[in-house]
Amino acid sequence: MDAMRALRLNLDSAALAANWRWLEQQGGRAACGAAVKADGYGLGARGVVERLAEAGCRDFFVATWDEAVRLGPLPEGASLAVLHGVREPDLPIAASLGARPVLNSVEQVLLWKSAAAGEPCDVMIDTGMNRLGITPEESRTGLLDGLEIDTLMSHLACADEPGHALNEQQLFTFRGLRGAIPARRYSLANSAGICLGARYSFNLTRPGISLYGGVQRAEAEGQIAQVVRPEVEVLQVRTLPEGATVGYGATFTAQQPMRIAILNIGYADGYLRAFGGKGAALAGDLACPVVGRVSMDLIAVDVSATDVRAGDWLGIDYDLARMSLATGLTQYELLTLLGDRYERRWA
Ligand SMILES: *Cc1c(COP(=O)(O)O)cnc(C)c1O
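Residues numbered from 1 in each chain as written. Predicted model: local features only at pLDDT ≥ 70, side-chain atom pairs only at ≥ 80, totals over all residues. Heavy atoms only, no water.

Residues in close proximity to the ligand total 14 residues, the closest being Lys-37, Tyr-41, Ser-191, Ile-209 and Tyr-332. Between an oxygen atom of the ligand and a side-chain N or O atom of Ser-191, the distance comes to 2.6 Å. When the ligand is considered free in solution it has 390 Å² of accessible area, and contact with the protein chains removes 93% of it. When grouped by side-chain class, the residues that make up the shell around the ligand number seven nonpolar, four polar and three charged. (Near = heavy atom within 4 Å. Polar contact = N/O pair within 3.5 Å; in protein donor to acceptor, adjacent residues only side chain to side chain. Areas by Shrake-Rupley, 256 points an atom, 1.4 Å probe, with all protein chains shown as cover. Nonpolar A, V, L, I, M, F, W, Y, C, P; charged D, E, K, R; others polar.)

Rendered as structure tokens:
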């Protein structure tokens, strides 16, 4: 028997699918995949994959083999690539799952050649980010000869920064690689890269954050819908006299008599202390500001203007763009911080 939780994530299937379709259209003729690493950016990778497969998505990306295993069986016709590539101990799992490693270094290429030469793989070339990937020079030494490359990819470092010179440089370098390295498909763009125009899309795009409601560039404003809405139960309502203080450190003082609601969410749920004085609960459309510090499992919000009672459920304002500005957390952090104490409810 499961205990009834007092904290949930309402997840919008229609918004997720609509975001994928918009990203797919922006990519022109390219297929549109989906990055579902970090448990689907906190939403739950399994639920995301099932819904996107239904929308038509066939190409999924996780970071590690552990994530690939946890994902469970893939939907019919779907394929999975593992972005961090393959280490010696991963080889048995790689063979049994049939997911492709994204080979990221000379060592990984040699390992794959010796262990699984005829099996399809992806290859990451570093075109300027200096994170993962073999260098363009390494790729020209014959190193990749004999590999069965499904997708040759690179990753943009500054796609979310308007007019950054590195975008065109990386595009130019990647075009050169496409001419030199045979592969079934070529892939460069993440969510923000898709917004740079179809020139960046090649055969396959790899959006993550924008599937889940993140807006990284002006082109996506008004096109990408919110997917994630936390909702939380009111544990208590308290009436405060003027001068009473709230929470650890007594950082908030009531300037007049007021009512506060104590809610079952805190920094252990990813609702970090950065939301103190910045975040709000939602009673219908009415914003109820967070007062005092965020605790590990609790917050207090001002419900003076409402008739909220213990046992009611309130929304939490989780507009990613606005909350990112307010808290200084990135939209990526806001999503991937969401912990496992939420009941995830797809509608
Ligand atoms: C995470 C990741 C993506 C998705 O990036 P978003 O900015 O979330 O769209 C695409 N490609 C690679 C290699 C990644 O690591």
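Structure shown, so let's carry the discussion forward.
This part is about the environment of Glu-24. With respect to the helices, strands and loops of the structure, Glu-24 is situated in helix α1 (residues 13-26). Sequence separation between Glu-24 and Leu-144 is 120 residues, and the spatial gap between their C-alpha atoms is 30 Å. Among residues more than four places away in sequence, those in contact with Glu-24 are Ala-30 and Cys-32. (Helix = DSSP H or I, 4+ residues; strand = E, 2+ residues; numbered from the N terminus. Contact = heavy atoms within 4.5 Å.)

With four of its five residues buried, strand β7 (residues 120-124) lies for the most part within the structure. Direction of pairing for strand β6 (residues 100-103) relative to β7: parallel, over a ladder of two bridges. Across the sheet, the residue bridging to Leu-103 is Val-123, located in β7. Handedness of the crossover joining β6 and β7 through helix α6 (residues 106-116): right-handed. (Buried < 20%, exposed > 50% of the residue type's maximum accessible area, 1.4 Å probe, protein only. Pairing = 2+ DSSP bridges. Right-handed = clockwise from strand over helix to strand, strands pointing away.)

One open sheet holds the seven strands; their spatial order is β3-β4-β5-β6-β7-β8-β9, and the pairing between them is parallel. The strands lining the two open edges of the sheet, one partner per strand, are β3 (34-35) and β9 (185-187).

On to the environment of Val-234. Considering the arrangement of structural elements, one finds Val-234 in strand β11 (residues 228-240). Separated by 174 residues in the primary sequence, Val-234 and Phe-60 place their C-alpha atoms 38 Å from one another.

Attention shifts here to the packing of α1 against helix α3 (residues 45-55). For any two helices packed against each other, the geometry is given by the interaxial angle and the distance between the axes. Look at α1 against α3: their axes get within 10 Å of each other, and the N-to-C directions meet at 55°. Relative to α3, the element α1 lies oblique. Crossing geometry of α1 relative to α3 is assigned as right-handed. In contact with Ser-13, Leu-16, Ala-17 and Trp-20 of α1, α3 contributes Val-48, Arg-51, Leu-52 and Ala-55. Across the contact of α1 with α3, the residue classes tally to six nonpolar, one polar and one charged. (Axes fitted to C-alpha atoms, helices over the stretch in contact; angles between N-to-C directions. Parallel < 35°, antiparallel > 145°, perpendicular 65-115°, else oblique. Left-handed = near helix turned anticlockwise from the far one by under 90°.)

Turning to α6, a few remarks are in order. Looking at α6, one finds that the buried residues are Gln-108, Val-109, Leu-111, Trp-112 and Ala-116. Looking straight down α6, one finds its buried side chains confined to an arc of 165°; they lie on one side. Exposed residues lying more than 90 degrees from the buried face of α6 are Glu-107 and Ser-114. Where α6 is buried, its residues meet α5 (91-97), β6 and β7. (Arc of directions from axis to C-beta.)

Across all of its chains, the model carries five aromatic pairs by this definition. Plain terms: the ring middles of Tyr-41 and Tyr-212 are 4.8 Å apart, the flat faces sit at 35° to each other, and that makes the pair tilted. Of the two residues, Tyr-41 sits in helix α2 (residues 37-41) while Tyr-212 sits in the loop between β10 (204-205) and β11, which places them 171 residues apart along the sequence. Summarising the aromatic geometry, the rings of Phe-174 and Phe-202 are spaced 4.9 Å apart at their centres and angled 85° between planes, so their arrangement reads as edge-to-face. Of this pair, Phe-174 sits in helix α8 (residues 165-180) while Phe-202 sits in the loop between α9 (191-195) and β10, and the two are 28 residues apart along the sequence. (Phe/Tyr/Trp six-rings, centres within 6.5 Å; stacked < 30°, edge-to-face > 60°.)

Mapped onto the secondary structure, Ser-96 falls in helix α5. Relative accessible area serves as the criterion here: at 59%, Ser-96 is assigned to the exposed category. Taking C-alpha positions, Ser-96 is 41 Å from Val-232, a pair spaced 136 residues apart along the chain.

Let us now look at the pattern of salt bridges. Counted by the stated rule, this structure contains 15 salt bridges. For Arg-100, the salt bridge is made with Asp-122, and the minimal N-O distance between the two is 2.7 Å. You can see Arg-100 sitting in strand β6 and its partner Asp-122 sitting in strand β7, a full 22 residues away along the chain. Of the two residues examined, Arg-100 and Asp-122, each falls in the buried class. Residue Arg-322 pairs with Asp-317 through a salt bridge whose shortest N-O separation is 2.8 Å. Judged by relative accessible area, Asp-317 falls into the buried class, the value being 10%. Each of the salt bridges in this network shares a partner with another, and the network as a whole consists of Asp-59, Arg-100, Asp-122, Asp-150, Arg-184 and Arg-185. (Salt bridge = Lys/Arg side-chain N within 4 Å of Asp/Glu carboxyl O.)

Nonpolar side chains in soluble globular proteins tend to end up buried together. Counting residues in hydrophobic clusters, the biggest one holds 94 residues, and the most contacted among them are Phe-60, Val-123, Leu-152, Leu-263 and Val-301. Mapping this core onto the domain boundaries places at least three of its residues in each of domain 1 (13-219) and domain 2 (228-318). Sequence-distant contacts of Leu-263, defined by excluding residues within four places in its chain, comprise Val-232, Glu-233, Val-234, Ala-281, Asp-297, Leu-298, Ile-299, Val-301, Leu-314 and Ile-316. Counting residues in each nonpolar core, the second largest holds nine residues, with Ala-244, Val-246, Met-258 and Ile-262 among its members. (Core = buried A, V, L, I, M, F, W, Y, C linked by side-chain atoms within 4.5 Å. Domains from an automatic or database assignment.)

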